[in-house]
Amino acid sequence: MEYNTTRNHLVMREYGRHIQKMIEYLMSLEDKEKRQRNAYAVIELMGFLNPHLKNVEDFRHKLWDHLFLISDFKLEVASPYPIPTRETLRARPQPLKYPKRYPKFSHLGKNLEIVINKALAEENPDKRNGFANAVAYYMKLAYNNWHKETVHDDAIQQELSSLTAGQLEFTNTPFVKSFRPNEGRERDRDNRGNTFGGDYRNNNNNNKRNNQKFQQRSNNRNNDRNNDRNNDRGNNKFKKKRY
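A quick note: this is a predicted structure, and the numbers were derived from the prediction, not measured. (Residues numbered from 1 in each chain as written. Predicted model: local features only at pLDDT ≥ 70, side-chain atom pairs only at ≥ 80, totals over all residues. Heavy atoms only, no water.)

Student: Give me the lowdown on the nonpolar core, citing residues and values where you can.
Tutor: With 18 residues, the main nonpolar core has Tyr 15, Met 46 and Leu 67 as its most contacted residues. Residue assignment for this core shows that the elements contributing at least two residues are α1 (16-28), α2 (32-49) and α3 (59-70). Tallying contributions element by element places α3 first for this core, with 5 residues. Formed by 16 residues, the second largest nonpolar core is a distinct cluster that contains Ala 132, Ala 136, Tyr 143 and Phe 170. (Core = buried A, V, L, I, M, F, W, Y, C linked by side-chain atoms within 4.5 Å. Buried < 20%, exposed > 50% of the residue type's maximum accessible area, 1.4 Å probe, protein only. Helix = DSSP H or I, 4+ residues; strand = E, 2+ residues; numbered from the N terminus.)

Student: Before we move on, can you summarise the side chain of Gln 157 with the specific residues and values?
Tutor: Mapping Gln 157 onto the fold places it in helix α7 (residues 153-164). Excluding residues within four positions of it along the chain, Gln 157 makes contact with Leu 168, Glu 169 and Phe 170. (Contact = heavy atoms within 4.5 Å.)

Student: Run through unusual backbone geometry, naming residues and quoting values.
Tutor: The backbone of Asp 72 shows a phi angle near 60°, a positive value even though the residue is not glycine. Mapped onto the fold, Asp 72 is located in the loop between α3 and α4 (86-90). Classification of Asp 72 by relative accessible area gives partly exposed; the value is 34%. Phi angles above zero are rare outside glycine, and Phe 73 is one such case at about 60°. Structurally, Phe 73 is set in the loop between α3 and α4. According to the relative accessible area criterion, Phe 73 is partly exposed, its value standing at 22%.

Student: Break down the packing of α1 against α2 for me, with residues and values.
Tutor: Between two packed helices, the angle of one axis relative to the other and the distance separating the axes together describe the packing. Where α1 contacts α2, the two axes come as close as 10 Å, and the packing angle between them is 170°. Taken together, the axis directions place α1 and α2 in an arrangement best described as roughly antiparallel. Residue-level inspection shows Ile 19, Met 22, Ile 23, Tyr 25 and Leu 26 of α1 in contact with α2, the latter providing Lys 34, Arg 35, Asn 38, Ala 39, Val 42, Leu 45, Met 46 and Leu 49. Broken down by class, the residue content of the contact of α1 with α2 amounts to 10 nonpolar, 1 polar and 2 charged. (Axes fitted to C-alpha atoms, helices over the stretch in contact; angles between N-to-C directions. Parallel < 35°, antiparallel > 145°, perpendicular 65-115°, else oblique. Nonpolar A, V, L, I, M, F, W, Y, C, P; charged D, E, K, R; others polar.)

Student: Now, about the confidence of the model for the protein chain: what can you tell me, with residues and values included?
Tutor: Per-residue confidence for the protein chain gives a mean pLDDT of 76, with 72% of residues at or over 70. Every residue in residues 186-198 scores below 50 in pLDDT, and together they form 8 contacts with partners more than four places removed in sequence or on other chains. (pLDDT = per-residue confidence, 0-100.)

Student: Summarise the pattern of salt bridges; cite the residues concerned and give the values.
Tutor: All told, the structure shown has 3 salt bridges when counted by the stated rule. A salt bridge links Arg 86 to Asp 72, with the nearest nitrogen and oxygen atoms 2.6 Å apart. Of this pair, Arg 86 sits in helix α4 while Asp 72 sits in the loop between α3 and α4, placing them 14 residues apart in sequence. A residue is classified by how much of its surface remains accessible, and Arg 86, at 31% relative accessible area, is partly exposed. (Salt bridge = Lys/Arg side-chain N within 4 Å of Asp/Glu carboxyl O.)

Student: Can you tell me about the packing of helix α5 (residues 111-121) against α7, naming the residues and giving the values?
Tutor: Two elements in contact, α5 and α7, have axes whose closest approach is 11 Å; the angle formed by their N-to-C orientations is 70°. One finds that α5 runs roughly perpendicular with respect to α7. Contacts between α5 and α7 involve Glu 113, Ile 116 and Leu 120 from the first element and Leu 160, Leu 163 and Thr 164 from the second. The residue inventory of the contact of α5 with α7, partitioned by class, reads 4 nonpolar, 1 polar and 1 charged.

So this is what it looks like as structure tokens:
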């Protein structure tokens with residue numbers, strides 16, 4: 001009996017031990033044509049055992065690469081694709097060069113400076129003024145989100161002048177809603193019309209008034225029912241019949 005401890009290392013487990021033995025048998029064949037013909041048969045079998053590779057682009061190219069990988073790049077057969085080597089398999093990709101941009105104002109970012117450069121390159125005065133107004137609005141919005149407080153238009157104009165060397169000036173007054181820390185906790189109204197997050201005493205007073213109105217209505221209805229019963233008794237509707 002053949003134990004796993006006596007077997008060689010299984011290179012790719014998804015293909016199993018039998019495919020690896022077939023590839024080892026291909027390496028032992030001396031006839032070149034027979035080895036080539038059996039290599040195509042092994043490729044077909046590998047694709048049959050792994051149907052998920054058919055959804056991958058150039059799946060047959062991947063199968064041929066796996067064939068050479070299992071054979072430890074020692075199988076000598078003709079491949080319709082470039083034959084991989086051990087060096088190409090272990091090659092590491094080149095490190096990516098991340099962009100290093102240092103904005104003048106960190107709360108504004110680098111993209112705003114790119115927009116400002118496009119605005120400075122604009123020759124049409126109307127479009128240039130529109131660029132300046134849009135940039136001023138974004139600067140005020142970014143300042144509000146970053147510092148959690150409102151900023152005056154003079155400070156925005158000062159920063160814009162420092163970025164553009166005094167070449168851009170905005171004509172509008174950009175309105176940005178001021179930041180309120182308790183804004184997320186406040187709710188407008190529920191389905192009944194009661195306010196959450198408002199004055200607690202006012203809510204209690206409104207609830208008391210509503211309860212008093214409800215009690216008055218219920219008392220009036222009870223009184224009406226009692227009067228109807230008394231009237232019915234007075235009209236002698238329940239007298240015994242005489243024969």
